[in-house]
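Structure at a glance
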Amino acid sequence: MTTAKTDTVKSESKSEATAPKASKALENEVFTMSKMEVPAFFQELTEKSVDQAREGYAKVKSASEDATAILEETMEVTRDGLMEMNLKAVDAAKDNSEAAFSHIREMFGVKTLSEAIELQSTFSRKQYDTVSQQVKDMQETATKFATSISQPAKEAFDKSMKEMKLA
């Protein structure tokens, strides 16, 4: 049994001694390969791959810049449109409140029931017309707002389709 252990120890020490030699030989092969001339076919293939990668990167970069510009424009239009809608709503609320307070003031000066009914009817018709006009204005503003928001995306889509047809 002791001879088996001795043989194992000897073979391990031999393999450890040959391991650095083997790695040196492999290292020499790798470094000598790098000095070898690469065939022209592989060089052309590599250059074409690099050129295609550059073109692809340029297209992706351009597309992302276009998308960013469209997003910025859309956000600006959205902010402006929402501001306009909010101002219209505030103006309508202010007008309606002033009309209601004015009507209440007038109601305090009424002396007969028929005068109060006539004043209330007049106020109701006037408010109906006013609110109808305010709703119409808000609808027009909302339509304009929706159209202006979708315009940059529509233009970008049309541009993309045009470029695809050219390609």
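Turning next to the side chain of Thr-74. The residue Thr-74 is located in helix H2 (residues 40–108) in this model. Setting aside anything within four residues of it in sequence, one finds Thr-74 in contact with Ile-149 and Pro-152.

Its volume calculated, the largest pocket comes out at about 430 Å³. Lining the largest pocket we find 13 residues, and of these Ala-63, Asp-66, Lys-159, Ser-160 and Glu-163 sit closest to its centre. Mapped onto the lining of the largest pocket, the elements with two or more residues apiece are H2 and helix H3 (113–166). At 7 residues, H2 tops the list of elements feeding residues into the lining of the largest pocket. Split into classes, the residues belonging to the lining of the largest pocket amount to 5 nonpolar, 2 polar and 6 charged. Lining the second largest pocket we find Asp-95, Asn-96, Ala-99, Ser-102, His-103, Glu-106, Leu-119, Thr-122, Phe-123, Lys-126, Gln-127 and Thr-130. Counting residues per element, the ones that place at least two in the lining of the second largest pocket are H2 and H3. Taken together, the residues of the lining of the second largest pocket sort by class into 3 nonpolar, 6 polar and 3 charged.

Let us now look at a nonpolar patch on the surface. On the surface, a cluster of nonpolar side chains totalling about 330 Å² of accessible area is made up of Phe-41, Phe-42 and Leu-45. Its place among the elements puts Leu-45 in helix H2.

When you line up the elements, Thr-141 lands in helix H3. If near-sequence neighbours (up to four positions away) are discounted, Thr-141 is found in contact with Glu-84, Met-85 and Lys-88.

Moving on: the pattern of salt bridges. One pass over the full model with this rule turns up 5 salt bridges. Taking the shortest distance from any N to any O, the salt bridge between Arg-54 and Asp-51 comes out at 3.9 Å. Remark: Asp-51 and Arg-54 occur in helix H2; sequence separation between them is 3 residues, near one turn of the helix. For Asp-51, a relative accessible area of 38% gives the class partly exposed. When the shortest N-O distance is used, the salt bridge between Lys-144 and Glu-84 registers 3.4 Å. Taken together, the residues span a long stretch of sequence, with Lys-144 in helix H3 and Glu-84 in helix H2 at a distance of 60 residues. Among the ionic contacts, a cluster of salt bridges with common partners joins Glu-76, Arg-79 and Asp-80.

The next thing to look at is H2. Along its 69 residues, H2 runs 101 Å from first to last C-alpha, staying within 8% of the 102 Å computed at 1.5 Å per residue. Looking only at H2, the buried set comprises Thr-74, Thr-78, Gly-81, Met-85, Ala-92 and His-103.

The rules behind each value
Residues numbered from 1 in each chain as written. Predicted model: local features only at pLDDT ≥ 70, side-chain atom pairs only at ≥ 80, totals over all residues. Heavy atoms only, no water. Helix = DSSP H or I, 4+ residues; strand = E, 2+ residues; numbered from the N terminus. Contact = heavy atoms within 4.5 Å. 1 Å grid on protein atoms, 1.4 Å probe; cavity = no way out; pocket = protein on both sides within 12 Å on 5 of 7 lines; lining within 4 Å. Points joined across faces, edges and corners; volume = space filled by probe spheres on them. Nonpolar A, V, L, I, M, F, W, Y, C, P; charged D, E, K, R; others polar. Patch = residues over 30% accessible without salt bridge, like charges linked within 9 Å, V, L, I, M, F, W, Y side chains within 5 Å. Areas by Shrake-Rupley, 256 points an atom, 1.4 Å probe, with all protein chains shown as cover. Salt bridge = Lys/Arg side-chain N within 4 Å of Asp/Glu carboxyl O. Buried < 20%, exposed > 50% of the residue type's maximum accessible area, 1.4 Å probe, protein only. Expected span 1.5 Å × (residues − 1).

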